[in-house]
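Descriptive structure summary
Single-letter residue listing:
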Amino acid sequence: MTWTVDPQSFNAPHERETRSAIARRVARLLGVPFAGEFDPAKPAGAAHAYLVPSDTLDPGAARAAGVRGPEDLLGGVVPHGFVATKAITHPLVAPQARQPPGWSVRFGEAVQDATLRGFTAFCHEDAMQAARRLLPRGPVRVKAAQGAGGAGQFVARTEAQFIHGLAGLAPRDVEAHGVCIEENIERPLVLCVGQIRVGDALASYHGTQRETRDRKGAVTYGGSDLVVVRGGFEQLARLHPPSHIRRAVDQVLVYHRAVLDCYPGMFASRINYDVVQGEAADGSACSGVLEQSWRIGGATSAEITALEAFRAQPGRRCVAASCMEVHGQAQPPPQACVYFHGTDAELGPLLKYAFIQTGDDPAIRR
């Protein structure tokens, strides 16, 4: 069953239809029927249902829906809402800085070599202190912790620019969700590293994202190209990828293990981490985990398509899977798995599909 957790979030027509398409394919992988949308007001009617929620769940929502572990959903459960946002990626600027209940100081210490230089703040005063610590090194990127798809971000090169940009973030939102202030990366390459489990099928991957433009000309997510291996992260490491990809995988492992250690009660069947690589302001090379996702996302269609390929070819250990989001009038190629093809009220004509790239096993090519 699909579950629109918050009607105000991830509930556009194309998102609802994509979620339903994903749930139908997951149902086939599990060998169970697709039963439509879950109604939290009638949880008894969904007893023992496998859920595909629109967002990461908190413990209360999970218990009410009968979610006890990763085998019950395609997504994740976190002990506190802020754990599912960018907020946890960076430490606080000072021990006495404002923080939400449940905040782990140990986590920031554990991931300092796996993330960029930066701080998270839960009030404007702490954010200013963080900016004054970081700006002497170069420009900073400021991100609303709950923002998605690049929303709620700006780059500041001076304290005056930072003050101007910070004024656009409502104090109540900063206090409720947090804001991240981190070094800005020049010429960034964004990699993704993740894992998905559906029933007894487990796959891990690394990949890259592509950008496109929507009908208004704004840059937006255009899809992902993944190298997917059957099994866990240890199988991914055995592909012997290029050194920059191996570094990203290693940093993700540090980050993921720290989450499990510092935030007990977190579990997920779908995990995805964005890792940025590029140049710091002083010209040095840098790499770090930007954020995490424990819900279905843009790359999930490619992940599901890879699981289907493994099911169809039991002897295959690795596939190259891609997903595309095409704005404007377009037709899917033959053999594509279409997840949405229509007109969205806000985005206009949109096509979303996934496919397995033909050719040799990517593990053999490497």
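As a reminder, the structure under discussion sits directly above these lines.
Residues numbered from 1 in each chain as written. Predicted model: local features only at pLDDT ≥ 70, side-chain atom pairs only at ≥ 80, totals over all residues. Heavy atoms only, no water.

This brings us to the packing of helix H4 (residues 124-134) against helix H5 (residues 159-166). Interhelical geometry of H4 versus H5 gives an angle of 155 degrees and a closest axis separation of 11 Å. One finds that H4 runs roughly antiparallel with respect to H5. Along this stretch, H4 crosses H5, giving a crossing that reads as right-handed. Counted together, His124, Ala127, Met128, Ala131 and Arg132 of H4 and Glu159, Phe162, Ile163 and Leu166 of H5 form the full contact between these two elements. Grouping the constituent residues of the contact of H4 with H5 by class yields 6 nonpolar, 1 polar and 2 charged. (Axes fitted to C-alpha atoms, helices over the stretch in contact; angles between N-to-C directions. Helix = DSSP H or I, 4+ residues; strand = E, 2+ residues; numbered from the N terminus. Parallel < 35°, antiparallel > 145°, perpendicular 65-115°, else oblique. Left-handed = near helix turned anticlockwise from the far one by under 90°. Contact = heavy atoms within 4.5 Å. Nonpolar A, V, L, I, M, F, W, Y, C, P; charged D, E, K, R; others polar.)

Spatially, S13-S12-S8-S9-S10-S14-S16-S15 is the arrangement adopted by the 8 strands of the open sheet, whose pairing is antiparallel. Looking at strand neighbours, the two that pair on one side only are strand S13 (285-293) and strand S15 (337-344), the edges of this open sheet. When strand polarity is set aside, the average angle formed by the axes of neighbouring strands in this sheet is 20 degrees. Two elements, strand S12 (residues 270-279) and S13, share 8 bridges in a ladder whose sense is antiparallel. If you follow glutamate 279 over to S13, its bridge partner there is alanine 285. Helix-sheet contacts for helix H1 (residues 13-30) involve strand S8 (186-198), S15 and strand S16 (348-356), and the interaxial angle to S15 is about 160 degrees. Where helix H8 (residues 243-262) meets the sheet, it contacts S8, strand S9 (201-213), S12 and S13, and its direction lies at approximately 130 degrees from that of S12. (Pairing = 2+ DSSP bridges.)

Before going further, it helps to spend a moment on the sheet that holds strand S6 (residues 153-156). Read across the open sheet, the 4 strands follow the order S4-S7-S5-S6; overall the sheet is antiparallel. Whereas interior strands pair on both sides, the edge strands pair on one side only; in this sheet they are strand S4 (118-121) and S6. Taking each pair of neighbouring strands and ignoring which way they run, the sheet shows an average axis angle of 20 degrees. By the bridge criterion, 5 bridges tie strand S5 (residues 140-144) to strand S7 (residues 179-183) in an arrangement that is antiparallel. Counted as the bridge partner of valine 140 is glutamate 183 from S7. Sheet strands touched by H5: S5, S6 and S7. Its angle to S6, the strand with the most contacts, is close to 160 degrees.

Backbone phi values are negative for most residues with the exception of glycine, while trans is the configuration of most peptide bonds. We note that histidine 240 has phi near 55 degrees; this positive angle belongs to a residue other than glycine. Take histidine 240: it is sitting in the loop between helix H7 (233-237) and H8. The exposure class of histidine 240 is exposed, given its relative accessible area of 62%. For glutamine 335, which is not glycine, the phi dihedral falls at a positive 75 degrees. Taking the relative accessible area as the measure of exposure, glutamine 335 reaches 75% and is therefore exposed. (Buried < 20%, exposed > 50% of the residue type's maximum accessible area, 1.4 Å probe, protein only.)

Okay, the packing of aromatic side chains next. Enumeration over the complete set of coordinates arrives at 10 aromatic pairs. A ring pair is formed by phenylalanine 82 and tyrosine 263, whose centres lie 5.9 Å apart and whose planes are at 75 degrees; its orientation type is edge-to-face. With phenylalanine 82 in the loop between strand S3 (76-77) and helix H3 (105-110) and tyrosine 263 in the loop between H8 and strand S11 (267-268), the pair connects residues that are 181 residues apart, well separated along the chain. Phenylalanine 82 gets classed as buried once you look at its relative accessible area, which sits at 10%. With a relative accessible area of 2%, tyrosine 263 lands in the buried category. With 5.5 Å between their ring centres and 80 degrees between their planes, tryptophan 103 and phenylalanine 122 make a pair best called edge-to-face. A residue pair is termed long-range when its members are at least 10 positions apart, and tryptophan 103 in the loop between S3 and H3 and phenylalanine 122 in the loop between S4 and H4 qualify at 19 residues. Just as tryptophan 103 is buried, phenylalanine 122 falls in that class too. One aromatic cluster is present, formed by Phe82, Trp103, Phe107, Phe122, Tyr255, Tyr263, Tyr273 and Trp294 through successive ring pairs. (Phe/Tyr/Trp six-rings, centres within 6.5 Å; stacked < 30°, edge-to-face > 60°.)

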